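# Report on the structure
Chain by chain, the residues:
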Amino acid sequence: MKVLKVDIAVIGAGSGGLSVASGAAQLGLKVVLFERGEMGGDCLNTGCVPSKALISAAKAAHEARHAGRLGIHAEPKVDFPAVMAHVHGTIETIAPIDSQERFEGLGVTVVRESARFVDRRTVASDSVTVQARKIIIAAGSRAAIPPIPGLAEAPYLTNETVFELKALPQHLIIIGGGPIGLELGQAFRRLGGAVTVIEAGKALAKDDPDLAAVVISAVRQEGVDLREGVAVQSVETLPGGVAVSLAGGERIEASHLLVAAGRRPNLEGLDLDTAGIETNAQGVITDRQLRTSNPRVYAVGDITGRGAFTHAAGAHAGLIVRRTLFAAPINVESLLIPHATYTQPELASVGMTEAEARAAHGDKVKVLVQPFHDNDRAQAEGDTAGFGKLILDGKGNILGAGIVGAHAGDLIQPLVQAMGAKMKLSALASGIVAYPTRAEIGKRLAGSYFTPLLFSPRTRALVALLKRLA
């Protein structure tokens, strides 16, 4: 077995691991990167990229069917194999950025094998043992499979297999009404399949309920049978399909079953106990510096239980490079991480929800709302669903923001930057925004804070006095 001594060993070639490896190698450090699966991890191969490609194809079909509101009449023909070719073509186009060849070109030693800890500073695979000054765990997460009787024996799909479908499901049952369940449920419905989503609790439960309600209503209006507050009691395998039995006795048969009931960290096989690394149900336990209970070892991304978002993993990686290479102080809890659900309408938010803000600040919280119905670009596009929401403390500081509507994932970014820079509302309100754009929603939200003062009786009296003096 080959023995290597390096500066940094990285376990996992997803977003977080690749970012750490790239940054360290380009700064001249010796880096080994372990990856047992595909380079690029879940996001490129079975997550963000293929799902958004599928959603885009489904959106095109939906827009064609509903273009009559703009005076255009068409009925699309969905070629499902061609749709999936688009999905895989998108992956192939992006893959070179994350490829083994590119990282080896940067000077990274890439080992396409599973890695495990041998002791507190050593990791090994089948062919190599690596001693490293610092070790970064970036092993990611996978679909959580709930302990439902009969599910393990059923031919269920997860995000790792759903994009390998060769034919459109006639009827797709989805267990889980979170972002993944609703995104894919809406997409497959738009492509022509029947879809039933079963959620034991509340759909989009982690989001502001006012924002989530708009998405839930839209998904239902498009024909997705969304069941909330209903648990799956058992799953039965049928010839050519499945059946699920619900609490209350109802039984639903379908051609396909997709499990989208959350994520679980990839802890198995790492032998973390050998290195003295503590874990819990959420993943590897880390402090504010993303350091584990073993001071030589850090963790980033999904496996830390700090949000299963690609951009969060990338942000973690940036902190790790600062900490391990430059000994700079870092605090992962200071990161402002937005998140988005790519249904139509989209839902995006950052910071506190209204409920969280009221729990922390009580009656001092002020909530500003602006509907897209009053946005001229939304009117021109014939798509006025949704609104923007700004949550402030008693001094007018932004505690949180949310947008539900077309392009919400893009429109939230100025509000993320405003919060991160602790920008005053007056600066946000005075910015010049191109007209007509949906981006005016942020300016109008901020401006509405000053409206009561600007047009108050006191201000009107002042204007009357100044008029006489002039």
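Report on the accompanying structure. (Residues numbered from 1 in each chain as written. Predicted model: local features only at pLDDT ≥ 70, side-chain atom pairs only at ≥ 80, totals over all residues. Heavy atoms only, no water.)

## Section: the overall build of the protein
From N to C terminus, the protein includes 15 helices and 23 strands. Taking 470 residues into account, the globule formula puts the C-alpha radius of gyration at 23 Å, and the protein, at 25 Å, falls close to it. In terms of principal-axis extent, the alpha carbons of the protein reach across some 90 × 60 × 40 Å. For the protein, the residues scored as buried account for 48% of the 470 residues in total. (Helix = DSSP H or I, 4+ residues; strand = E, 2+ residues; numbered from the N terminus. Rg over C-alpha atoms; globule rule 2.2 N^0.38 Å. Buried < 20%, exposed > 50% of the residue type's maximum accessible area, 1.4 Å probe, protein only.)

## So, the sheet that holds strand E20 (residues 346-351)
Sheets are built from strands that pair by backbone hydrogen bonding, the pairs being arranged parallel or antiparallel. Taken together, 5 strands build an open sheet; the order of strands is E19-E20-E23-E22-E21 and the sheet is antiparallel. Taken across any chain shown, the strands that pair with only one partner, and hence form the sheet edges, are strand E19 (339-341) and strand E21 (366-371). Across the sheet, the mean angle from the axis of one strand to that of its neighbour is 10°, orientation sign disregarded. In the packing of helix H12 (residues 413-420) onto the sheet, contacts are made with E20, strand E22 (387-392) and strand E23 (398-405), and the angle to E23 comes to roughly 175°. (Pairing = 2+ DSSP bridges. Axes fitted to C-alpha atoms, helices over the stretch in contact; angles between N-to-C directions. Contact = heavy atoms within 4.5 Å.)

## Here we look at the packing of helix H3 (residues 48-65) against helix H6 (residues 179-190)
Where H3 contacts H6, the axes come no closer than 8 Å and their chain directions differ by 45°. Classified by the angle their axes make, H3 and H6 are oblique. Read as a crossing pair, H3 and H6 show a hand that is left-handed. Residues Ser51, Lys52, Leu54, Ile55, Ala58, Lys59, Ala61, His62 and Arg65 of H3 form the contact with H6, whose own contacting residues are Glu183, Leu184, Ala187, Phe188 and Arg190. When its residues are assigned to classes, the contact of H3 with H6 shows 7 nonpolar, 2 polar and 5 charged. (Parallel < 35°, antiparallel > 145°, perpendicular 65-115°, else oblique. Left-handed = near helix turned anticlockwise from the far one by under 90°. Nonpolar A, V, L, I, M, F, W, Y, C, P; charged D, E, K, R; others polar.)

## A word on the pattern of salt bridges
Applying the stated criterion across every chain, the model contains 22 salt bridges. Across the pair Lys389 and Asp208 runs a salt bridge, and its minimum N-O distance is 3.0 Å. Of this pair, Lys389 sits in strand E22 while Asp208 sits in the loop between strand E9 (194-199) and helix H7 (209-221), and the two are 181 residues apart along the sequence. Across this residue pair, the class does not change: Lys389 and Asp208 are buried. The partner of Arg264 in a salt bridge is Glu268, with the nearest N and O atoms 2.9 Å apart. Looking at Glu268, the relative accessible area reads 41%, which means it is partly exposed. A network of salt bridges, in which partner residues are shared, links Asp208, Asp210, Glu354, Arg358 and Lys389. (Salt bridge = Lys/Arg side-chain N within 4 Å of Asp/Glu carboxyl O.)

## So, unusual backbone geometry
With omega at 5°, the peptide bond leading from Gln344 into Pro345 counts as cis. For Pro345, the position within the fold is in the loop between E19 and E20. With omega at -5°, the peptide bond leading from Tyr435 into Pro436 counts as cis. Within the element layout of this structure, Pro436 appears in the loop between helix H13 (425-430) and helix H14 (440-454). Even without glycine at this site, Leu290 takes up a positive phi of about 65°.

## Quick look at the sheet that holds E9
Pairing is parallel in the open sheet, where 4 strands are placed in the order E10-E9-E8-E14. One side of each edge strand has no neighbouring strand; the edge strands of this open sheet are strand E10 (225-228) and strand E14 (256-259). Pairs of neighbouring strands in the sheet enclose a mean axial angle of 15°, with direction left out of account. Of the strand pairs in this sheet, E9 and E10 are connected by 4 bridges, and their pairing is parallel.

## With respect to the nonpolar core
Grouped together as the largest cluster of nonpolar side chains are 36 residues, with contacts concentrated most on Leu54, Val162 and Phe188. Elements supplying a minimum of two residues to this core: H3, helix H4 (80-94), strand E8 (171-175), H6, E9 and H7. Leave out the neighbours within four places in its chain, and Phe188 touches Leu54, Phe80, Val162, Leu165, Leu168, Pro169, Leu172, Gly193 and Val195. (Core = buried A, V, L, I, M, F, W, Y, C linked by side-chain atoms within 4.5 Å.)

## A closer look at a nonpolar patch on the surface
A surface patch of nonpolar side chains, amounting to about 400 Å² of accessible area, comprises Leu462, Leu465, Leu466 and Leu469. Relative to the helices and strands, Leu462 is located in helix H15 (residues 457-469). By relative accessible area, which is 46% here, Leu462 ends up partly exposed. (Patch = residues over 30% accessible without salt bridge, like charges linked within 9 Å, V, L, I, M, F, W, Y side chains within 5 Å. Areas by Shrake-Rupley, 256 points an atom, 1.4 Å probe, with all protein chains shown as cover.)

## Details of the packing of aromatic side chains
Centre distance and the angle of the planes are the two values used to describe a pair of aromatic rings. Tallied over the entire structure, the rule returns 2 aromatic pairs. Taking 6.4 Å as the distance between ring centres and 35° as the angle between the ring planes, the aromatic pair formed by Phe80 and Phe188 counts as tilted. One end of the pair, Phe80, is in helix H4; the other, Phe188, is in helix H6, and 108 residues separate them in sequence. As far as burial versus exposure is concerned, Phe80 and Phe188 are alike and both buried. On the basis of an interplanar angle of 90° and a centroid distance of 5.2 Å, the ring pair of Tyr449 and Phe450 is categorised as edge-to-face. Arg102 extends its terminal NZ or CZ atom over the ring of Phe103, reaching a point 5.3 Å from the ring centre. Over the ring of Phe372 we find Arg438; its NZ or CZ atom is 5.2 Å from the centre of that ring. (Phe/Tyr/Trp six-rings, centres within 6.5 Å; stacked < 30°, edge-to-face > 60°. Lys NZ or Arg CZ within 6 Å of the ring centre and 35° of its normal.)

## A short note on the pairing of strand E4 (residues 116-119)
Sheet analysis places E4 next to strand E5 (residues 122-124), joined by 3 bridges and oriented antiparallel. The residue of E5 that forms the bridge with Asp119 is Thr122. Between E4 and E5, which follow one another and run antiparallel, lie 2 residues.

## Describing the environment of Ala348
Turning to its location among the elements, Ala348 is positioned in strand E20. A relative accessible area of 0% places Ala348 in the buried class. Remark: the alpha-carbon pair of Ala348 and Ile303, spanning 45 residues in sequence, is separated by 23 Å.

## Some points on the pairing of strand E12 (residues 241-246)
Most of E12 sits inside the fold, with 5 of its 6 residues counted as buried. Both strand E11 (residues 232-238) and E12 contribute to a ladder of 6 bridges, which runs antiparallel. In the sheet register, Thr237 faces E12, and the bridge partner there is Val242. A loop of 2 residues connects E11 with E12, the two strands running antiparallel in sequence, and Gly240 in this loop sits at a positive phi of about 80°.

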